[in-house]
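# Commentary on secondary and tertiary structure
Read off the chains here:
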Amino acid sequence: MRILVVEDESELRKAISRYMRGIGHAVDECDSCRSASAAVEVYEHDVIVLDRMLPDGDSIKLLDAWRTKGLTTPVIFLTARDSVDDRVGGLESGADDYLVKPFAMAELAARIATLSRRGNVAAKPVMNIGPLSIDRGRREVRRDGVLIPLRPKEFTLLELLVSRMGQVVSKHRIIDTCWDETRGPMSNVEEALVASLRRKLGKPNLIRTIRGSGYMLEERRESES
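Everything in this summary refers to the structure shown in the same document. These numbers were taken from a predicted model, which means no experiment stands behind them. (Residues numbered from 1 in each chain as written. Predicted model: local features only at pLDDT ≥ 70, side-chain atom pairs only at ≥ 80, totals over all residues. Heavy atoms only, no water.)

In this section: the overall build of the protein chain. Helix and strand counts for the protein chain come out as eight helices and 14 strands. Considering the protein chain as a whole, with its 225 residues, one finds that 47% of them fall into the buried category. For the protein chain, the accessible surface area stands at approximately 11200 Å², while carbon and sulfur atoms represent 50% of it. (Helix = DSSP H or I, 4+ residues; strand = E, 2+ residues; numbered from the N terminus. Buried < 20%, exposed > 50% of the residue type's maximum accessible area, 1.4 Å probe, protein only. Areas by Shrake-Rupley, 256 points an atom, 1.4 Å probe, with all protein chains shown as cover.)

Put into structure tokens, the structure is as follows:
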């Protein structure tokens, strides 16, 4: 998943980004309303983490402007303000969740995961595809009940393919989801990631290559492998 973190407190922003990258997500960082507005124009994000007060304005006004333009990306506010009026104001402006500082990174990650599933109505916390059971909440994959150890980016790729089951996912979309602008991938690195995931998932091969377009996850029986 690709996350936009908008937070002017440098250490907190870096800590959030480091944690999220550590569990396999791509992260774009901004420290102002202006830079955040530019980021949403350039990239498609799965969730936006938005600080309540930014140096160049109130992020409630920023969010209101985004919603007016039709942006539907789930947004979670981060704030030191914990009054009922502040929380209500944030939610009424179009935010999907509200987290008061200080907070545990694990809680923020859990809330982001919940919002990403909410943004994709078809997604379920646990999905069964052929012999696989994919638990998005625990970030675990099992084959016939046996745990398959995946690296963070491998799970992120699988999660992306699952969210678009039966649809072609372009190489560009894989790169956008698994890598951010600070960690741009080398040429054909997405092919290596797909190959690694295929190898770990085993037979039957559930990831189909669509030449010139990308990849598709589809349910296949053993006899079709």
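From this point, things continue past the structure.
The grouping of Asp-8, Glu-9, Glu-11, Asp-31 and Asp-56 at the surface amounts to a negative patch. Mapped onto the fold, Asp-31 is located in the loop between β2 (26-30) and α2 (33-42). (Patch = residues over 30% accessible without salt bridge, like charges linked within 9 Å, V, L, I, M, F, W, Y side chains within 5 Å. Salt bridge = Lys/Arg side-chain N within 4 Å of Asp/Glu carboxyl O. Lys, Arg positive; Asp, Glu negative; His and termini not counted. Charge placed at Lys NZ, Arg CZ, Asp CG, Glu CD.)

Another point: the side chain of Arg-143. Take Arg-143: it is sitting in strand β10 (residues 140-143). Judged by its relative accessible area of 18%, Arg-143 is buried. A distance of 2.7 Å separates a polar side-chain atom of Arg-143 from the backbone oxygen of Leu-201. (Polar contact = N/O pair within 3.5 Å; in protein donor to acceptor, adjacent residues only side chain to side chain.)

Along β10, the buried face is formed by Val-141 and Arg-143; none of Glu-140 and Arg-142, which line the opposite face, is buried. Of the strand pairs in this sheet, strand β9 (residues 132-135) and β10 are connected by four bridges, and their pairing is antiparallel. Residue pairing across strands places Asp-135 opposite Glu-140, the latter belonging to β10. Hairpin connection between β9 and β10: a loop of four residues separates the two successive antiparallel strands, and Arg-139 in this loop has a positive phi of roughly 55°. Pairing of β10 with strand β11 (residues 146-148) involves three bridges; the strand directions are antiparallel. Looking at the pairing, Arg-142 lines up with Leu-147 of β11. In sequence, β10 turns back onto β11 through a hairpin of two residues, with Asp-144 there showing a positive phi of about 50°. (Pairing = 2+ DSSP bridges.)

The tally for this structure, following the rule as stated, stands at one aromatic pair. Note on Phe-77 and Tyr-98: the rings are 6.2 Å apart at their centroids and 70° apart in plane angle, and the pair reads as edge-to-face. Of this pair, Phe-77 sits in strand β6 (residues 75-79) while Tyr-98 sits in strand β7 (residues 97-100), and the two are 21 residues apart along the sequence. Residue class for Phe-77 comes out buried when judged on its relative accessible area of 0%. Classification of Tyr-98 by relative accessible area gives buried; the value is 8%. A cation sits over an aromatic face here: Arg-2 above Tyr-43, 4.0 Å from the ring centre. (Phe/Tyr/Trp six-rings, centres within 6.5 Å; stacked < 30°, edge-to-face > 60°. Lys NZ or Arg CZ within 6 Å of the ring centre and 35° of its normal.)

What follows covers the sheet that holds β10. Spatially, β8-β9-β10-β11 is the arrangement adopted by the four strands of the open sheet, whose pairing is antiparallel. One side of each edge strand has no neighbouring strand; the edge strands of this open sheet are β8 (126-129) and β11. Strand-to-strand, the axes of this sheet are offset by a mean angle of 25°, without reference to chain direction. Its contacts with the sheet put helix α6 (residues 152-163) on β8, β9 and β10, and the angle it makes with β9 is roughly 100°. (Axes fitted to C-alpha atoms, helices over the stretch in contact; angles between N-to-C directions. Contact = heavy atoms within 4.5 Å.)

Let's shift gears to the packing of α6 against helix α7 (residues 171-178). Relative orientation and spacing of two packed helices are given, respectively, by the angle between their axes and the distance between those axes. Contact geometry for α6 and α7: axes closest at 10 Å, N-to-C directions at 130°. What the angle tells us is that α6 and α7 run oblique. The hand of the α6/α7 crossing is right-handed. Together, Lys-153, Thr-156, Leu-157 and Leu-160 of α6 and Arg-173, Ile-174, Thr-177 and Cys-178 of α7 make up the contact between the two elements. (Parallel < 35°, antiparallel > 145°, perpendicular 65-115°, else oblique. Left-handed = near helix turned anticlockwise from the far one by under 90°.)

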